[in-house]
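# Examination of the molecular architecture
Here is how the chains run, residue by residue.
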Amino acid sequence: MYDFPQYSILFSGIMLTALSSVFNSVQSALLTFGKYKTHKLIEGKTQYRELLKKYIEKFWDYYFSITIIASTIRIVLILVWILFFNSVIRYLAQRFFINYYDLINQRIILYGISAVLSGTFTLLLSEIIPGVIARKNSEKVILSFLDILKYADILLSPFRYIFMKIAEFILKPFEIVFEKKDFLLEDEDVKALFKAAVNQGLFKVQEYDMVTNIFELKDTIVRNIMIPQTDVISVPSNIDLRELLNIFDTSGYSRLPVFEKNRDNIIGVIHAKEILPD
């Protein structure tokens, strides 16, 4: 007869599940938090500003370190639960299914059932549920574990370096590199943010166009938008009022440059409202 599973295995499983849940939560929060929330917090949470700046600089280091911890705990946890369910299945088979004990006790069946139960248990309690909670509260999770992220990275730096180099080698054909700029806001990020705000009705389309046009200014060359001097409509300083009104009317402009002697000598600008009656 087999005794009921040892409580030491059960206790180890519970403790490892709790630990795995914590680190898997941090891992999920790292992937969910994103650059927008990070920069928002840097502007608002003064007490966390320096830690958050460090977080941006070392995001990939932190991510690999936490992933190493979470994955290691997860592997040990699965093995512990396999041992636990192995004992439970043997106990139940001897207690309630004695006629099928020899069949159930076959190694491939016993460990197969234990592995399925262990995987299901681990997936649910240390992956799915903590992941959902972390995604809903990513800001609180990240702020609570900023210090732990820093010290975990220091302790695991040799292992993290090796895993990062292996990952970079594997991802090299896809031209994927782990860079600090992955967490820096770029023009396209801001445009996408404004576009989402427009879709949600927070901004008007005209306001979105205004913002996007500002980003396009840096790529605009003056000569592409300037009007050649020969095409500029200007008026001499001694022009007749009737003729001036006619030029305003035909040109469609509300302001005209005023020159004296020659067109290169611009002395001012005249507005149509200055000569038209109220």
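Residues numbered from 1 in each chain as written. Predicted model: local features only at pLDDT ≥ 70, side-chain atom pairs only at ≥ 80, totals over all residues. Heavy atoms only, no water.

### Re the overall build of the protein chain
Each helix and strand counted, the protein chain has 12 helices and three strands in total. Looking at the 278 residues of the protein chain, the share that counts as buried comes to 33%. Within the protein chain, contacts between residues at least 6 apart in sequence are counted, and of these 68% link residues at least 24 apart. Taken as a whole, the protein chain presents about 19000 Å² of accessible surface, with 61% of it coming from carbon and sulfur. (Helix = DSSP H or I, 4+ residues; strand = E, 2+ residues; numbered from the N terminus. Buried < 20%, exposed > 50% of the residue type's maximum accessible area, 1.4 Å probe, protein only. Contact = heavy atoms within 4.5 Å. Areas by Shrake-Rupley, 256 points an atom, 1.4 Å probe, with all protein chains shown as cover.)

### Structural notes on the pattern of salt bridges
Scanning all chains against the criterion turns up six salt bridges. Measuring nitrogen to oxygen at the nearest pair gives 3.4 Å for the salt bridge that ties Lys58 to Asp153. Of this pair, Lys58 sits in the loop between α2 (49-57) and α3 (59-96) while Asp153 sits in helix α7 (residues 146-155); the two residues are 95 residues apart in sequence, bridging distant segments of the chain. One network of salt bridges, in which partners are shared, links Lys58, Asp61, Asp153 and Arg160. (Salt bridge = Lys/Arg side-chain N within 4 Å of Asp/Glu carboxyl O.)

### Some thoughts on the side chain of Asn86
Relative to the helices and strands, Asn86 is located in helix α3. Apart from the residues within four sequence positions on either side, Asn86 is in contact with Leu110, Tyr111 and Ser114.

### Things to note about the sheet that holds strand β2 (residues 255-260)
What the three strands build is an open sheet, ordered β1-β2-β3; its pairing is mixed. Strand pairing shows two members of the sheet lacking a second neighbour, β1 (235-236) and β3 (262-271), which therefore form its edges. Sheet topology note: the β2/β3 ladder contains six bridges and is antiparallel. When the bridges of β3 are listed, Pro257 appears paired with Val269. (Pairing = 2+ DSSP bridges.)

### Some words on helix α12 (residues 241-251)
Listed in full, the buried residues belonging to α12 are Leu244, Ile247, Phe248 and Ser251. The arc that holds every buried residue of α12, seen down its axis, measures 100 degrees, which confines them to one face. Away from its buried face by more than 90 degrees, α12 exposes Arg242, Asp249 and Thr250. Where α12 is buried, its residues contact β1, β2 and β3. (Arc of directions from axis to C-beta.)

### Looking at the side chain of Asp61
Assignment of secondary structure puts Asp61 in helix α3. Given the relative accessible area of 15%, Asp61 is considered buried. Within the structure, the side chain of Asp61 is placed 3.1 Å from the side chain of Lys58, a separation counted as a polar contact. Each residue touching Asp61, except ones within four places of it in the same chain, is listed here: Asp153, Arg160 and Met164. (Polar contact = N/O pair within 3.5 Å; in protein donor to acceptor, adjacent residues only side chain to side chain.)

### Overview of the packing of aromatic side chains
Here the distance between the centres and the angle between the planes together describe a pair of aromatic rings. Within this structure, the stated rule accounts for nine aromatic pairs. Aromatic side chains Phe85 and Phe121 sit 5.9 Å apart centroid to centroid with 75 degrees between the ring planes, which places their arrangement in the edge-to-face category. On the criterion of sequence distance, the pair formed by Phe85 in helix α3 and Phe121 in helix α5 (residues 107-136) is long-range, its members being 36 residues apart. Given the relative accessible area of 31%, Phe121 is considered partly exposed. (Phe/Tyr/Trp six-rings, centres within 6.5 Å; stacked < 30°, edge-to-face > 60°.)

### Looking at unusual backbone geometry
In this structure, Lys261 takes a positive phi of about 75 degrees despite not being glycine. Of note, Lys261 is situated in the loop between β2 and β3.

### Notes on the packing of α7 against helix α8 (residues 157-171)
Angle between the axes and distance between the axes: these two values describe a pair of packed helices. Following both chains from N to C, one finds α7 and α8 inclined at 80 degrees, their axes separated by 5 Å at the closest point. One element, α7, and the other, α8, form an angle in the roughly perpendicular class. The segment α7 lies against α8, with Asp153, Ile154 and Leu155 engaging Ser157, Pro158 and Arg160. Taken together, the residues of the contact of α7 with α8 sort by class into three nonpolar, one polar and two charged. (Axes fitted to C-alpha atoms, helices over the stretch in contact; angles between N-to-C directions. Parallel < 35°, antiparallel > 145°, perpendicular 65-115°, else oblique. Nonpolar A, V, L, I, M, F, W, Y, C, P; charged D, E, K, R; others polar.)

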